[in-house]
Amino acid sequence: MRNGAAALCALLFYYSVPVGWVFELDAWPGRALGVCAFLTGVFGLGWLVWRRVQSFLRAPTAAGGRVDGLLLIVCVVGSVFALFYYRLQQLHPDQFVGLETRTDALYYTLVTLGTVGFGDVHAVGQVARVVTMVQIVFDLVVLGTLLTIITSSVTSRIHAATLAARQVSGDAPDTTR
């Protein structure tokens, strides 16, 4: 339920953010502001991911809350990257092939997240390629963390069930050797 609400809120945010503002990004103050805003966003998202990883390391057996947190991060990361791609394409139409609408930008973000890469929308400009590489690194960290959480949760449950079965059956391991 919470994950569905997070995804819905992320979509509402994504489709309602006004991005038609025109900043003079060709002048150095506009470029510097754009780079600073992007780097702040990337570092902020990195900090959120790191916090999730730290909470996993502190309590490796409580998987539910960590999965919810990571899925929230995926929603936020997806929205931020999709908005960036859409805005980049508005300002510099030579950065992407096939990206024209917000839905195209969201589609490209999700295809990149899923490591599918259909090729219908793809980055051709250097800025778009660099940002896509940054997104891929984020995606790998988040997906790797999610897989680690799920795997460790399943492993700990199997271990607990095995120990419980041994105690019930009286088949304790032989420790005399």
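Everything quoted here is computed from the prediction, not taken from an experiment.

Bringing the UniProt feature "transmembrane region" (unreviewed entry) in the protein chain into the picture now. In the numbering used here, UniProt assigns the feature "transmembrane region" (unreviewed entry) to residues 32-50, 70-86, 106-124 and 136-154. Secondary structure content for residues 70-86 is 100% helix and 0% strand, while the C-alpha to C-alpha distance between its ends is 24 Å. In the segment residues 106-124, helix accounts for 42% and strand for 11%; the C-alpha atoms at its two ends are 17 Å apart.

Here Cys75 shows up in helix α3 (residues 63-91). For Cys75 and Leu8, which are 67 residues apart along the polypeptide, the C-alpha to C-alpha distance reads 9.1 Å. Non-local contacts of Cys75, meaning those with residues more than four positions away in its chain, are made with Ala6, Ala7 and Ala10.

This paragraph deals with the nonpolar core. Tyr85, Phe96, Leu99, Ala105 and Tyr108 are the most contacted members of the largest nonpolar core, which totals 25 residues. Broken down by secondary-structure element, the contributors of at least two residues to this core are α3, α4 (102-113) and α5 (126-169). At nine residues, the largest contribution of residues to this core is made by α3.

One non-glycine residue, Thr115, adopts positive backbone phi at about 50°. Tracing the backbone through its elements, the reader meets Thr115 in the loop between α4 and β2 (122-123).

In the predicted model, the protein chain carries a mean pLDDT of 79, and the fraction of residues at 70 or more is 75%. The least confident element of the protein chain is helix α2 (residues 28-58), whose mean pLDDT is 69; the most confident is strand β1 (residues 96-97), at 96.

Time to look at a nonpolar patch on the surface. On the surface, a cluster of nonpolar side chains totalling about 310 Å² of accessible area is made up of Val35, Leu39 and Phe43. Topologically, Val35 is positioned in helix α2. Given the relative accessible area of 48%, Val35 is considered partly exposed.

Procedures and definitions
- Residues numbered from 1 in each chain as written.
- Predicted model: local features only at pLDDT ≥ 70, side-chain atom pairs only at ≥ 80, totals over all residues.
- Heavy atoms only, no water.
- UniProt positions renumbered as here; feature names shortened; annotations may be inferred.
- Helix = DSSP H or I, 4+ residues; strand = E, 2+ residues; numbered from the N terminus.
- Contact = heavy atoms within 4.5 Å.
- Core = buried A, V, L, I, M, F, W, Y, C linked by side-chain atoms within 4.5 Å.
- Buried < 20%, exposed > 50% of the residue type's maximum accessible area, 1.4 Å probe, protein only.
- pLDDT = per-residue confidence, 0-100.
- Patch = residues over 30% accessible without salt bridge, like charges linked within 9 Å, V, L, I, M, F, W, Y side chains within 5 Å.
- Areas by Shrake-Rupley, 256 points an atom, 1.4 Å probe, with all protein chains shown as cover.
- Salt bridge = Lys/Arg side-chain N within 4 Å of Asp/Glu carboxyl O.

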